[in-house]
Amino acid sequence: MLFSLAIIFLEGSVLGNVLERFKLPRLIGMLLTGVLMGPYVGNIIDPSILDISADLRQIALIIILTRAGLSLDIKDLKKVGRPALLMCFVPATFEIIGVMVLAPKLLGISLLQAAVLGTVVAAVSPAVVVPKMLGLMEAGYGTKKGIPQMVLAGASVDDVFVIVLFTAFTGLLAGGSVHATDFLTIPVSIVLGIIVGVVTGYVLTKVFTHFHMRDTTKVGIILSVAFLMVSMEKALAGIVGFSGLLGVMAMGVLIQQQKSEVAVRLSNKFSKLWVGAEVLLFVLVGATVNIDYAAKAGLVAVVLVLGALVFRMAGVFTSLLNTQLSPKEKVFTAIAYMPKATVQAAIGGLPLAMGLPGGEIILTVAVVAIMVTAPIGALLIDNSHKRLLTKSV
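Let us look at the structure shown here. (Residues numbered from 1 in each chain as written. Predicted model: local features only at pLDDT ≥ 70, side-chain atom pairs only at ≥ 80, totals over all residues. Heavy atoms only, no water.)

Right, let's talk about the environment of valine 120 for a bit. Tracing the chain through its elements places valine 120 in helix α8 (residues 111-122). Accessibility expressed as a relative area gives 0% for valine 120, which makes it buried. With 231 residues separating them in the primary sequence, valine 120 and proline 351 have C-alpha atoms 9.8 Å apart. The residues touching valine 120, leaving out its near neighbours within four places in the chain, are Phe166, Gln344, Ile347, Gly348, Ile362 and Ala366. (Helix = DSSP H or I, 4+ residues; strand = E, 2+ residues; numbered from the N terminus. Buried < 20%, exposed > 50% of the residue type's maximum accessible area, 1.4 Å probe, protein only. Contact = heavy atoms within 4.5 Å.)

Most often, soluble globular proteins keep nonpolar side chains buried together rather than apart. Ranked by internal contacts, the top residues of the largest apolar core, which has 129 residues, are Leu117, Met133, Leu152, Phe282 and Phe332. Top element by residues in this core is helix α10 (residues 147-173). It accounts for 15 residues. Other than its neighbours up to four places away in sequence, phenylalanine 282 contacts Leu27, Met30, Leu31, Ala127, Val128 and Trp274. (Core = buried A, V, L, I, M, F, W, Y, C linked by side-chain atoms within 4.5 Å.)

Glancing now at the packing of aromatic side chains. The geometry of an aromatic ring pair is captured by the separation of the ring centres together with the interplanar angle, meaning the angle of the planes. Under the counting rule described, the total for this entry stands at 1 aromatic pair. The aromatic ring of phenylalanine 208 is capped on one face by lysine 218, whose charged end is 5.6 Å from the ring centroid. (Phe/Tyr/Trp six-rings, centres within 6.5 Å; stacked < 30°, edge-to-face > 60°. Lys NZ or Arg CZ within 6 Å of the ring centre and 35° of its normal.)

Where charged atoms of side chains with opposite charge meet at close range, the side chains can pair. On inspection of all chains with the given rule, the structure shows 10 salt bridges. Put simply, arginine 26 and glutamate 278 hold a salt bridge, and the shortest N to O gap is 4.0 Å. In this pair, arginine 26 is assigned in helix α2 (residues 26-37) and glutamate 278 in helix α14 (residues 260-287), connecting sequence segments 252 residues apart. No difference in accessibility class separates arginine 26 from glutamate 278, as the two residues are buried. Between lysine 234 and aspartate 55 there is a salt bridge, with its nearest N and O atoms 3.7 Å apart. You can see lysine 234 sitting in helix α12 (residues 215-236) and its partner aspartate 55 sitting in helix α4 (residues 53-71), a full 179 residues away along the chain. (Salt bridge = Lys/Arg side-chain N within 4 Å of Asp/Glu carboxyl O.)

Here it is as structure tokens:
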């Protein structure tokens, strides 16, 4: 395990820095490291790490979403208004519909299988999008109109919406039944996650006010509470909907509102943690990519993924109708909603593991979605924001 971790951090960091020298996103190097070291190519990563890969990836997500919450001023979201809400579910809905239209014709699968595939493909990746948007916020690009803040918040809620739909459609495909009340899980998960996060953040601000402690200790407490919230989501599964990751982000937002100076310092601490967590996350996501599945899929899967992205972009433009955003800013927002990685790596293989019809096809397209959209989306975000967004003075 120690040898594997050493190679993951060394090779992931080096390859990431090499690609950065060529003006390419670091994460492409990390994903490539994971593919080469993973069980489907080099088979270098120890199985003990692969066994806990999902947990390690979730820890990395918790770190970046906490940092996002600590950096997100709720006033900026209020300025955006209605589009911020629509971005949480309209683009994903359009993309699911797109897959349901295209997949039966391109892959010869049933409409219900296409619906499951749509929910797998439709989730945007917070692991790719959130750090990119945080970078834009720090540099001042698009912040006057709240563009990176809107994308950052929307990407986090988008996942909750899609994963609940995935659960419902896989239940149907397995021969079960879905009731209207099942879809209530979506708003319940979102609202309960935000409420628990806000209450927790409020309690922590009081603790930090009345008890003097170092910022490093505060980071440890916040991380521990975040882990408890995500654990609570698993404990409540099947009982009541609850999004632990949304709770983590809401906790950070509340701390930012109540103690902005402390939030800035804590955000800097989490930025340093992210340096290592980023490498671990994307290398392990890359390790889930089965090249054989991608090769078998061929051009048809690529066409499907790109076609679904067209529907997704249509959803973004629909969400941004009658806003003050310029055409260039709308184009950037659509680009920022492209990358897929973490959710596809987490749930792409579940239908196959459950023995559902079309499971192998669903996993194959999930792999292709990661390979196509994560590097291209990251590359386009990095190379277009200066031309498409206005920098605040």
